[in-house]
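Analysis of the macromolecular model
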Amino acid sequence: MRTVHRQAYIPEMDGLRALAVLSVVIYHAFPGFLPGGFVGVDIFLVISGYLITRLLHTEWQATGTLDICAFYARRARRILPMLVTVVLCTLVAVWLLLDSDALHETAASAAAALLFAANAYFQATTGGYFDPTTERLALLHLWSLGVEEQFYLLWPLMLALLLRTRPGRIVPVVLAVAVASASLAVAMCIISPHAAFYLMPTRFWELAAGGLIALGAGNGGPRGHGASAAWAGMALIVIAILAPTQGFAAVNVVLAALGCALLIRATHLRSPLGVVGEVLRSRPAVFLGLISYSLYLWHWPLLAIGRSMHTGTVPPTALAGLCVAAVGLAWLGYHLIETPLRRPDPAISHRRLVTTSLLMCVSLSGMSWATARLVEPPPSLATHSLSEVVLRDRPRDPHGCHFNAIDKLASFPKRGCERVDDRPSVIIWGDSHAWAMSPFAQALASREDMPWMDLTRDACPPAVGYDVNRARPLESDTCRKFNDLAFAQVRKADILIMTARWDGYAYRDELLQGVATTVAAASGIARRVLLMGPSPTLKDRVPRCIQAGDLSACSLPRSEFDAQTRKISAALAAVASRHDNVVYVDRADYFCTPVSCDAMRDGFGLYWDAHHATSTAARAFARSYLDATANWR
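Let us look at the structure shown here. Because the structure is a prediction, the values reported are computed rather than measured.

Thresholds applied
Residues numbered from 1 in each chain as written. Predicted model: local features only at pLDDT ≥ 70, side-chain atom pairs only at ≥ 80, totals over all residues. Heavy atoms only, no water. Disulfide = S-S within 2.5 Å. Buried < 20%, exposed > 50% of the residue type's maximum accessible area, 1.4 Å probe, protein only. Salt bridge = Lys/Arg side-chain N within 4 Å of Asp/Glu carboxyl O. Helix = DSSP H or I, 4+ residues; strand = E, 2+ residues; numbered from the N terminus. Pairing = 2+ DSSP bridges. Phe/Tyr/Trp six-rings, centres within 6.5 Å; stacked < 30°, edge-to-face > 60°. Core = buried A, V, L, I, M, F, W, Y, C linked by side-chain atoms within 4.5 Å. Contact = heavy atoms within 4.5 Å. Polar contact = N/O pair within 3.5 Å; in protein donor to acceptor, adjacent residues only side chain to side chain. Axes fitted to C-alpha atoms, helices over the stretch in contact; angles between N-to-C directions. Parallel < 35°, antiparallel > 145°, perpendicular 65-115°, else oblique. Left-handed = near helix turned anticlockwise from the far one by under 90°. Nonpolar A, V, L, I, M, F, W, Y, C, P; charged D, E, K, R; others polar. Patch = residues over 30% accessible without salt bridge, like charges linked within 9 Å, V, L, I, M, F, W, Y side chains within 5 Å. Areas by Shrake-Rupley, 256 points an atom, 1.4 Å probe, with all protein chains shown as cover. Expected span 1.5 Å × (residues − 1). Bend = angle between axes of the 7 residues up to and from the residue.

1. A short note on the state of the cysteines
Across all of its chains, the model carries 3 disulfides by this definition. The residue that forms a disulfide with C545 is C554, at a sulfur-sulfur distance of 2.0 Å. Torsion about the S-S bond of the C545 and C554 cystine: about 95°, corresponding to right-handed handedness. A sulfur-sulfur separation of 2.0 Å characterises the disulfide bridge that pairs C592 with C597. Handedness of the C592-C597 disulfide follows from its S-S torsion of about 95°: it is right-handed. The two residues C592 and C597 agree in class, both being buried. Looking at the unpaired C323, the closest cysteine sulfur is the one in C89, lying at 18 Å. On the basis of relative accessibility, which here comes to 13%, the residue C323 falls in the buried class. Among the cysteines around C361, which has no disulfide bond, C69 carries the closest sulfur, lying 15 Å off. Assessed through its relative accessible area of 3%, C361 is described here as buried.

2. Re the pattern of salt bridges
In total, this model carries 21 salt bridges according to the counting rule given. One salt bridge in this structure joins R136 and D540, with 3.2 Å as the shortest N-O distance. You can see R136 sitting in the loop between α5 (118–125) and α6 (143–165) and its partner D540 sitting in the loop between β4 (528–532) and α22 (542–548), a full 404 residues away along the chain. Both residues of the pair, R136 and D540, count as buried.

3. Considerations on the pairing of strand β2 (residues 452–456)
Most of β2 is tucked away, with 5 of its 5 residues classed as buried. Residues of β2 alternate between two faces, with W452, D454 and T456 on one and M453 and L455 on the opposite face, all of them buried. When strand β1 (residues 425–430) meets β2, the two strands line up parallel, connected through 5 bridges. Looking at β2, one finds that I427 is bridged to M453.

4. A closer look at the packing of aromatic side chains
Scanning all chains against the criterion turns up 21 aromatic pairs. Ring geometry for F44 against Y296: centres 6.2 Å apart, planes inclined by 70°, an arrangement best described as edge-to-face. In this pair, F44 is assigned in helix α2 (residues 40–63) and Y296 in helix α14 (residues 292–309), connecting sequence segments 252 residues apart. Grouping residues by exposure puts F44 and Y296 together as buried. Ring centres of W143 and F197 lie 4.6 Å apart, and the angle between their planes is 45°; this geometry places the pair in the tilted category. In this pair, W143 sits in helix α6 while F197 sits in helix α8 (residues 193–198), placing the two residues 54 residues apart along the sequence. As far as burial versus exposure is concerned, W143 and F197 are alike and both buried. By the ring-pair criterion, three or more aromatic residues cluster together here, those being F71, Y72, F151, Y152, W155 and F204.

5. Re the nonpolar core
Counting 116 residues, the largest nonpolar core has L142 and I264 as its most contacted members. Among the elements that take part in this core, helix α3 (residues 68–97) stands out by supplying 12 residues, more than any other. Those residues in contact with I264 that lie beyond four places of it in its chain are M13, L16, V46, I47, Y50 and I213. Judged by nonpolar contacts, the second largest core, of 41 residues, contains A441, M532, V585 and A599.

6. Observations concerning the side chain of S181
Mapped onto the fold, S181 is located in helix α7 (residues 170–191). A distance of 3.4 Å separates a polar atom in the side chain of S181 from the backbone nitrogen of F204. A distance of 3.0 Å separates the side chain of S181 from the backbone nitrogen of W205, its partner in a polar contact. The residues contacting S181, other than those within four sequence positions of it, are P201, T202, R203, F204 and W205.

7. Overview of the packing of α2 against α6
When two helices pack together, their arrangement is captured by the angle between the axes and the distance separating the axes. One way to put it is that α2 packs onto α6 with a least axis distance of 11 Å and a crossing angle of 30°. Here α6 runs roughly parallel to α2, going by the angle between their axes. Here α2 and α6 pass one another in a crossing that is right-handed. Only W143, S144, V147, E148, F151, Y152, W155, P156, L159, L163 and R164 of α6 make contact with α2, whose side of the interface consists of V41, L45, S48, G49, I52, T53, L56, H57 and W60. Considered class by class, the residues forming the contact of α2 with α6 number 13 nonpolar, 5 polar and 2 charged.

8. As for a nonpolar patch on the surface
Judged by side-chain polarity, V92, W95, L96, L97 and M309 come together as a nonpolar surface patch covering roughly 560 Å² of accessible area. Ranked by residues supplied to the nonpolar patch, first place goes to α3 with 4 residues. Looking at where L96 falls in the secondary structure, it is placed in helix α3.

9. Quick word on helix α15 (residues 316–342)
An ideal rise of 1.5 Å per residue puts 39 Å on 27 residues; α15 measures up with 36 Å between its terminal C-alpha atoms. Y334 marks where α15 bends most, by close to 40°. Taken together, the buried positions of α15 are L319, C323, A326, A330, G333, Y334 and E338. In the core, the buried residues of α15 are packed alongside α1 (11–29), α3, α13 (283–290) and α14.

10. Quick word on the sheet that holds β4
The strand order β2-β1-β3-β4-β6 describes an open sheet built from 5 strands, whose pairing is parallel. Across the chains shown, the open sheet's two edge strands, defined by having one partner strand only, are β2 and β6 (582–585). Pairs of neighbouring strands in the sheet enclose a mean axial angle of 20°, with direction left out of account. With 4 bridges connecting them, strand β3 (residues 493–499) and β4 associate as parallel partners. If you follow M498 over to β4, its bridge partner there is L531. Docked against the sheet, helix α21 (residues 508–523) engages β1, β3, β4 and β6, running at close to 155° with respect to β4.

Now the structure itself:
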């Protein structure tokens, strides 16, 4: 077994790891406190790219070759013991504390994680990392480990090939690949932001940034300004962590990666880092850096399971306690599992260790997948508890008109949606909240003896020309095109209903201006326009509160709802008042009492999540509205 040339310990790297893991943990527990804390993962990626490349390059310089099998063996000893421990402990905890649905999801994601594909799994099965529903996925955080593991599998092979065939061109080649990865990331941020976030090819440029430093890129530059570079790097990281963001923000990622690269380069060149270096080398920072891997693995399952066990808003003290518990578990894991098992056993060859590790991962993955299938209830045996009835109480989209976020507009209108003939019709137009209220349109159409249809698309309010998301131009462009196509269909409307989750969109003034312009145009076409006001967003999902037997955990004080929506309700009412044939429909008094906005009314759930009205609620509201406006024509 060949001895690998050891590298000098760099305490600043542990300081950077501490900064990365702290930002991630605090962001996951208290996202409002560090809006960009998710970039801690990006800092980890740059550090990994540097350390792995430095290790491999040092070995090449010392021996003239790379022992790929030995590299994989070191990675297996470093990664797998804690990963397997946390995954198994999480599965047991979910089995003991949560329901079969949670166990099914956790076991399925564990199967993917143990095959180094958690990132691809979550990219395919979630609505996005920043979707609120993902905060209870106990192994979601392993997506980043999937990115690193895929890098570890491919990077040594690529590096060995370049060192053998083009050693003098290695930096330009790696730089070109990094630029290609960054270009792909930019393109994917426009085309598919979820894929850009999760997949390794769009993250490779971050790992390559650290790798280029280890390969000597830029070593001929100035060396005497280490403290300035350190301050600049730290400033960029702090800005990235603190800067406000709506979900995934590429600017924050670039700033964090660039700041980390500046710090690593100054450290790599042995430049004095001044006060920043002293902080990174301090005992608390080094301590957190040493346990950072275990802390990253432990913190998210604790938070996710804690949130799953609690209905409503989890108290900050409980979240803080879970973070402290994660630090304790990380310390134990570092001393009892990581450190002892990281030392190589001379009696076990690298090839045998790698083979055994792969067999173990495949076996455990298969067992996890079998568990997921075992606890998944067959459709014919599905239970019909009240919580499940409420969860399924949503429109069946009888005309097939609704567009979700990935549907292509080339099919507009969808087949079956052309059923609205030349007779005057009732049309409801808006986002998924409008789709949820489509039974209201159906009830109104039945009373008027008219056909009806819904023109609805997820996350797209009925405001012609409105940019729904400037950070994602393609998403805004698709919404604008959808509204243009929808407005052409509005010309068939006798009665037009417009609604959306009005308080869920940014650029509020521009949204209201778009609504005002659209209503003005629609009022000249339709005989009557109903402009629906906002409805409440409860503190938790109604099926969860029903299942937990704690409906009060979902309830929102009426005063809080009124405070949240007062301005937009007044603005929408003002828009309606400008036109004789436009009516503002206030839903607040139906969905709320004078005291609170509750989860249920008259024995049925009002929402199938925390804010989409159930079909039963939409029909009941329609009856209430039509009874109160018998002569509204």
